[in-house]
Number of protein chains: 2
Amino acid sequence: MREFKRQSRVLLIDDNADHLRGVKELITLESSYDVVGATTSANMGINLAKKYRPDIILMDINMPEKDGLQAIQEIGKLDLDVRVIALSAYDDADLIFRAMKIGAKGYVLKTMASAQLIYAMDEVAAGKIYLPTALTSRFFEYFQNSFKEEAKTSAEENLLSDLTAREEEVLDLLTQGNNYKGIAGKLFISETTVKTHVNNIFQKLQVNDRTQAVLYALNNGFAQRRKIVA
Amino acid sequence: MREFKRQSRVLLIDDNADHLRGVKELITLESSYDVVGATTSANMGINLAKKYRPDIILMDINMPEKDGLQAIQEIGKLDLDVRVIALSAYDDADLIFRAMKIGAKGYVLKTMASAQLIYAMDEVAAGKIYLPTALTSRFFEYFQNSFKEEAKTSAEENLLSDLTAREEEVLDLLTQGNNYKGIAGKLFISETTVKTHVNNIFQKLQVNDRTQAVLYALNNGFAQRRKIVA
DNA sequence: TTATTTATCAATCCAAAGATGTAGGACAAA
DNA sequence: TTTGTCCTACATCTTTGGATTGATAAATAA
């Protein structure tokens, strides 16, 4: 199968020269891959990525000089249509999570068998995202952990459900940073009416001011949130 | 291996009676599992879960009567030490994401081979989280998609980096809903000093009031966020 | 029908927040 | 030493926000 496909161009970035050489030799043995560059410097790696436009980058993320995760992020911003596989010595859940979060298409441990790396590259070259089973499990533990409390509270009796439709509209505008005047203008009602609604919202949510109301809303599933944990 | 371990108690919830029967027969053939209950009703399933305390629940999440995801969430709130595997006819990324988010330990398609289901149960019974490779890939596509914009902006010129250490402390307290007095008390400085800091923060973040500052902070990776997309 | 809820608006009052200018002391870099 | 930044603090003033009370009209539930 793989033999008939066009070769994938690979760039290697790993501050450990020995490991870099080893991986290079390994991949060179694979007919479906062509190593177009190899460097021990993250910054140099970014430059090589711009220059050679590889299909795949194998990026060591445990580098002292420059953080590999940061390098992945920077490469991501370049819109190079390159797929990055993170290489790491550690199966730390937080590392895995962060790597996947910033768009790594795979995460492979350096201690894994070389066949596993090649398999990951095959999958990623085919447009998939690949994580070894054991790491997937780690990832999900971390992932679910970050939602643990939310899962318990969100379906619960949540004061937000006491709000009327109009109050929800007002709260929504509050969560967008509007003041009374802004809300009044957007809802075509008077400022005093808005004040009335906002005061009712405070009562119902049991908060003292708009900032607390906004925080309550955001922390309890109100409004569209698109971000996650650091 | 499995034969020597204590049997895992399984509860089946699936509104499709035929499929329910099929799965039950399948699992009954496995010596390591004991089906302690089977029902076509999500609500009944929750009651059975409370009553029999199964080790594993296979939950169909595509039920008309009651949403299976909601049922998983409710079971999660009971703290029953039960592991739920979601069964679904669809490999929709959003469904998978939501199921995993609320704590499902696995997600298996009804169309998958029975061996796959048993394998998933084995893994989950062993304390792991199991997602078939194909679904893992879907999950990650969805996952990374929800971070796409953030990945591009967060490393970018972010006004938060202009803040001094003290200002960050103040902003952090703002994002917790504190007013001037509260912040002054917590930092052991005068209220007027807090005002100075806050005003400087407004300048640097280019916002007009505390609510906008808090929203900016939350939307730009500042502070501990534990929530994600709806 | 009668109550209740909801949405609207207003007046008033006080507290809090925000804008602006000034300034001293600590500390680090040039 | 000088310069600059940061943290601290205060005074003053204006604006906004929040609490409270009261009122009208429409829709809705009992």
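Conventions used here
Residues numbered from 1 in each chain as written. Chains lettered and ligands numbered in written order. Predicted model: local features only at pLDDT ≥ 70, side-chain atom pairs only at ≥ 80, totals over all residues. Heavy atoms only, no water. Core = buried A, V, L, I, M, F, W, Y, C linked by side-chain atoms within 4.5 Å. Buried < 20%, exposed > 50% of the residue type's maximum accessible area, 1.4 Å probe, protein only. Contact = heavy atoms within 4.5 Å. Phe/Tyr/Trp six-rings, centres within 6.5 Å; stacked < 30°, edge-to-face > 60°. Lys NZ or Arg CZ within 6 Å of the ring centre and 35° of its normal. Axes fitted to C-alpha atoms, helices over the stretch in contact; angles between N-to-C directions. Helix = DSSP H or I, 4+ residues; strand = E, 2+ residues; numbered from the N terminus. Parallel < 35°, antiparallel > 145°, perpendicular 65-115°, else oblique. Left-handed = near helix turned anticlockwise from the far one by under 90°. Nonpolar A, V, L, I, M, F, W, Y, C, P; charged D, E, K, R; others polar. Pairing = 2+ DSSP bridges.

Considerations on the nonpolar core
In summary, soluble globular proteins display a tendency toward joint burial of nonpolar side chains. Grouped together as the largest cluster of nonpolar side chains are 66 residues, with contacts concentrated most on Tyr107 and Phe139 of chain A together with Tyr107 and Phe139 of chain B. If sequence neighbours within four positions are ignored, Phe139 of chain B has contacts with Phe139, Phe140 and Phe143 of chain A together with Ile96, Phe97, Met100 and Leu131 of chain B. Counting 44 residues, the second-largest nonpolar core is a separate cluster that includes Val170, Tyr180 and Phe202 of chain A together with Tyr180 of chain B.

Overview of the packing of aromatic side chains
In the structure shown here, the tally under the stated rule is 21 aromatic pairs over all chains. Between the aromatic rings of Phe139 of chain A and Phe140 of chain A, the centroid separation amounts to 5.3 Å while the plane-to-plane angle is 85°, which identifies the pairing as edge-to-face. We classify Phe139 of chain A as buried; its relative accessible area is 0%. Clustering of aromatic rings is evident, with ring pairs tying together Phe97, Phe139, Phe140, Tyr142 and Phe143 of chain A together with Phe97, Phe139, Phe140, Tyr142 and Phe143 of chain B. One residue, Arg210 of chain A, lies across the ring of Tyr180 of chain A, its end atom 4.7 Å from the ring centre.

Notes on the packing of helix α1 (residues 17-28) of chain B against helix α5 (residues 114-125) of chain B
All names here are of chain B. Two elements in contact, α1 and α5, have axes whose closest approach is 11 Å; the angle formed by their N-to-C orientations is 65°. One element, α1, and the other, α5, form an angle in the roughly perpendicular class. α5 is crossed by α1, and the crossing has right-handed handedness. Of α5, the residues touching α1 (which contributes Val23, Leu26 and Ile27) are Ser114, Leu117, Ile118 and Met121. Broken down by class, the residue content of the contact of α1 with α5 amounts to six nonpolar, one polar and no charged.

Re the sheet that holds strand β5 (residues 106-109) of chain B
All names here are of chain B. Strands sit in the order β2-β1-β3-β4-β5 across an open sheet of five strands; the sheet is parallel. Pairing within the sheet leaves two strands with one partner each, and these edge strands are β2 (33-39) and β5. In this sheet, adjacent strand axes meet at a mean angle of 25° when their direction is disregarded. Pairing of strand β1 (residues 8-13) with strand β3 (residues 56-60), which is carried by four bridges, proceeds in the parallel orientation. Bridged to Ile13 within β3 is Met59. Packed on one face of the sheet, helix α4 (residues 93-101) meets β4 (83-88) and β5 and runs near 150° to β5.

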